[in-house]
Amino acid sequence: MKITFYGVRGSIPSPGPDTCRYGGNTPCVHVETASGQDLILDAGTGIRKLGKRLMEKDGMINVLLSHGHWDHIQGYPFFMPIYQPDRQIRVYTSAAGDHGQICSLIDQIDGASFPLKATELPSRSECVMDNVETELARHNIHVTRRPINHPGGGYGYRIEEDNTSCIYITDNELEPPGEVATTYDQWVEFCHGADVLIHDAQYVEDDMPHKHGWGHSLVSQARQLAVDAEVGCLVIFHHDPDRSDNEIDLIQQQNERFFSQAGAPVTSHCAAEGMEIELTPQGGKGTVIEVDRSGH
Ligand SMILES: [Zn+2]
Ligand SMILES: [Zn+2]
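Below is a short write-up of the structure. Source: prediction; values computed, not measured.

Basis of the calculations
Residues numbered from 1 in each chain as written. Chains lettered and ligands numbered in written order. Predicted model: local features only at pLDDT ≥ 70, side-chain atom pairs only at ≥ 80, totals over all residues. Heavy atoms only, no water. Pairing = 2+ DSSP bridges. Helix = DSSP H or I, 4+ residues; strand = E, 2+ residues; numbered from the N terminus. Axes fitted to C-alpha atoms, helices over the stretch in contact; angles between N-to-C directions. Donors = N, O, S within 2.8 Å, 3.2 Å for Na, K, Ca; no water. Buried < 20%, exposed > 50% of the residue type's maximum accessible area, 1.4 Å probe, protein only. Tetrahedral: all angles 85-135°; square planar, octahedral: opposite > 155°, others 65-115°. 1 Å grid on protein atoms, 1.4 Å probe; cavity = no way out; pocket = protein on both sides within 12 Å on 5 of 7 lines; lining within 4 Å. Points joined across faces, edges and corners; volume = space filled by probe spheres on them. Nonpolar A, V, L, I, M, F, W, Y, C, P; charged D, E, K, R; others polar. Disulfide = S-S within 2.5 Å. Core = buried A, V, L, I, M, F, W, Y, C linked by side-chain atoms within 4.5 Å. Contact = heavy atoms within 4.5 Å. Phe/Tyr/Trp six-rings, centres within 6.5 Å; stacked < 30°, edge-to-face > 60°. Lys NZ or Arg CZ within 6 Å of the ring centre and 35° of its normal.

1. Observations regarding the sheet that holds strand S2 (residues 28–32)
An order of S6-S5-S4-S3-S2-S1-S13-S14 is seen for the eight strands of this open sheet, with the pairing classed as mixed. The sheet terminates laterally at strand S6 (124–128) and strand S14 (287–292), the two strands that pair on one side only. For this sheet, the mean angle separating the axes of adjacent strands, direction not counted, is 20°. By the bridge criterion, three bridges tie strand S1 (residues 2–7) to strand S13 (residues 276–281) in an arrangement that is antiparallel. For Thr4, the partnering residue across the bridge sits in S13 and is Glu276.

2. Topic: the coordination of the zinc ion (ligand 1)
Tetrahedral metal sites with four donors have an ideal angle of 109.5 degrees; octahedral sites with six donors have ideal angles of 90 or 180 degrees. Bound to the zinc ion (ligand 1) on the protein side are Asp71 (OD), His72 (NE2), Asp171 (OD) and His238 (NE2), at distances that span 2.1 to 2.3 Å. Within one chain, the residues donating to the zinc ion (ligand 1) are spaced in sequence as D-H-x98-D-x66-H. The distance between the zinc ion (ligand 1) and the zinc ion (ligand 2) comes to 3.6 Å, with Asp171 serving as a donor to both metals. Each member of the pair Asp71 and His72 is classed as buried.

3. Thoughts on the coordination of the zinc ion (ligand 2)
Distances from the zinc ion (ligand 2) to its protein donors, namely His67 (NE2), His69 (ND1), His150 (NE2) and Asp171 (OD), fall within the range 2.1 to 2.4 Å. Coordination at the zinc ion (ligand 2) is irregular, judged from the four donor atoms that bind it and the angles of 91 to 174° they form at the metal.

4. A short note on empty space enclosed by the protein
Using the criterion set out here, one finds one cavity of 30 Å³ or more in the structure. Here the largest cavity defines a volume of roughly 30 Å³. Split by residue class, the lining of the largest cavity holds five nonpolar, two polar and two charged.

5. Quick word on the state of the cysteines
Covalent bonding between the sulfur atoms of two cysteines is what defines a disulfide. Scanning the model with the defined rule gives one disulfide in all. Cys20 takes part in no disulfide bond, and the closest cysteine sulfur, belonging to Cys270, lies 16 Å away. In this structure Cys233 is a free cysteine whose sulfur lies 9.3 Å from that of Cys166, the closest cysteine sulfur available. Note on Cys233: relative accessible area 0%, which makes it buried.

6. A closer look at the nonpolar core
Within the largest apolar cluster, 29 residues are counted, with the highest numbers of intra-cluster contacts made by Ile3, Phe5, Leu64, Ile198 and Val235. Beyond its immediate stretch of four places on either side in the chain, Ile198 contacts Ile3, Phe5, Val29, Cys166, Ile167, Tyr168, Ile169, Val235 and Phe237. One finds Tyr22, Ile169, Ala194 and Val266 within the second-largest nonpolar core, a separate group that totals 28 residues.

7. With respect to unusual backbone geometry
Along the chain, Met208 connects to Pro209 via a cis peptide bond; the corresponding omega equals 5°. Here Pro209 is to be found in the loop between strand S10 (196–200) and helix H5 (219–228). Located in the positive-phi region is Asp42, a residue other than glycine, with phi close to 70°. Summarising the element assignment, Asp42 is placed in the loop between strand S3 (38–41) and helix H1 (47–54).

8. Considering the packing of aromatic side chains
Applying the stated rule across the entire model yields six aromatic pairs. On the basis of an interplanar angle of 50° and a centroid distance of 6.2 Å, the ring pair of Phe5 and Phe237 is categorised as tilted. One end of the pair, Phe5, is in strand S1; the other, Phe237, is in strand S11 (residues 233–237), and 232 residues separate them in sequence. Judged by its relative accessible area of 0%, Phe5 is buried. One aromatic cluster is present, formed by Phe5, Tyr168 and Phe237 through successive ring pairs. Taking NZ or CZ as reference, Arg223 lies 5.0 Å from the ring centre of Phe258, over its face.

Right, dumping it as structure tokens:
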């Protein structure tokens, strides 16, 4: 499978000279399976650019939402395939938390928050809220999920294909102060042995204790999870909107030092727009993980 990052920033788009290398768009990750299926993880503002690319390609588009917070849905009205006549788009979401049965991606196109109404769109969009794993499996996309520790709830996902695996867990506090949806040990088990772990690491120690309970993890916690779960590659994701490129460079240096001192065979990257990761199975000998950061 091939994983491409289109939006890596948390909370709010943050363009500008201090963020242009890693990018200021909100979360959107494209996973193209080896069989050519398109899976989109979250629909932050990064999805706009991905939409242009998918206009050149036919086939069903699958959008999988971690949760309905603004930064994960706000790019969808500008996702060009929704204006393609009869283009099939399936949005997989969840009724997690206390938001009830809403499909936030489509419901925001209501004629008030956006000039058009969803009913006026020519594409064939549908929302799948129940039996998400089973429905995806029917389309040959193999996903399991676990509830995130985040205000309002949501899910983290593990995608498997041909002995390769990628995990996407954003907006998750690994050690939350209050109610715990998934314990740290359960996360270790869920992530165990994955080739790639994309995990929220919005905060550093200076943000604490003020932001404890806001539903995001420390970089140091994401690193420890990568070691404990014995993953191949950690991708730091959902960067704070105030984190400059130079500060993210520093985080990357600290990551490399940490894994080398821990003697852990984990490679690490700070997610950047345009970064691509390709996973190729090696017939029982593990997976080749190739990372191309040239788009960054
Ligand atoms: Zn977020
Ligand atoms: Zn959130």
